[in-house]
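Listed here are the chains, written in short residue letters.
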Amino acid sequence: MDFISLLNLAFIVIYALILGLVAPYVGVKSEKYGSFVPTALAAVAGSIIWIILTWAGFHYDEAWIWIIVMLAMPAALWFGAKRIDKLRA
């Protein structure tokens, strides 16, 4: 793994941390799961989407891969947290 790939992964993790910090203020909060679940959902979803898009031929210096990942991570956080909340109800 080269240095640029590590920086990309670090950026995805930092963005997931920011999303996790903001999650309780946008309605993604429940007593049925811990406070790190939204952060973990965003980090895993971002990493998986990044891998899929890289395999699909997107390059890390193109804007499209970043736009797709940055919009999909909050969506995965929202829907994943709501699904976990519904399953544990």
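What counts as what
Residues numbered from 1 in each chain as written. Predicted model: local features only at pLDDT ≥ 70, side-chain atom pairs only at ≥ 80, totals over all residues. Heavy atoms only, no water. Core = buried A, V, L, I, M, F, W, Y, C linked by side-chain atoms within 4.5 Å. Buried < 20%, exposed > 50% of the residue type's maximum accessible area, 1.4 Å probe, protein only. Helix = DSSP H or I, 4+ residues; strand = E, 2+ residues; numbered from the N terminus. Contact = heavy atoms within 4.5 Å. Axes fitted to C-alpha atoms, helices over the stretch in contact; angles between N-to-C directions. Parallel < 35°, antiparallel > 145°, perpendicular 65-115°, else oblique. Left-handed = near helix turned anticlockwise from the far one by under 90°. Nonpolar A, V, L, I, M, F, W, Y, C, P; charged D, E, K, R; others polar.

Chemist: I'd like a description of the nonpolar core, backed by residues and values.
Modeler: Residues V28, A42, V69, M73 and L77 are the most contacted members of the largest nonpolar core, which totals 16 residues. Put simply, the parts of the chain that give this core at least two residues each are α1 (3-22), α2 (37-55) and α3 (63-88). For this core, the element with the highest residue contribution is α3, accounting for six residues. With sequence-adjacent residues up to four places away left out, L77 is seen in contact with L19, G20, A23, V28, P38, L41 and A42.

Chemist: Go over the packing of α2 against α3, please, and point to the residues and values.
Modeler: Where α2 meets α3, the axes come as close as 8 Å, and the angle between the chain directions of the two elements is 140 degrees. It follows from the interaxial angle that α2 and α3 lie oblique. The handedness of the crossing between α2 and α3 is right-handed. In contact with V37, P38, L41, A42, A45, G46, I49, W50, L53 and T54 of α2, α3 contributes I65, W66, I68, V69, A72, M73, A76, L77, G80, A81 and I84. Along the lines of polarity and charge, the residues of the contact of α2 with α3 split into 18 nonpolar, three polar and no charged.

Chemist: Outline the side chain of T39, supporting the account with residue identities and numerical values.
Modeler: Of note, T39 is situated in helix α2. The contacts of T39, once residues within four sequence positions are left out, are A16, L17 and G20.

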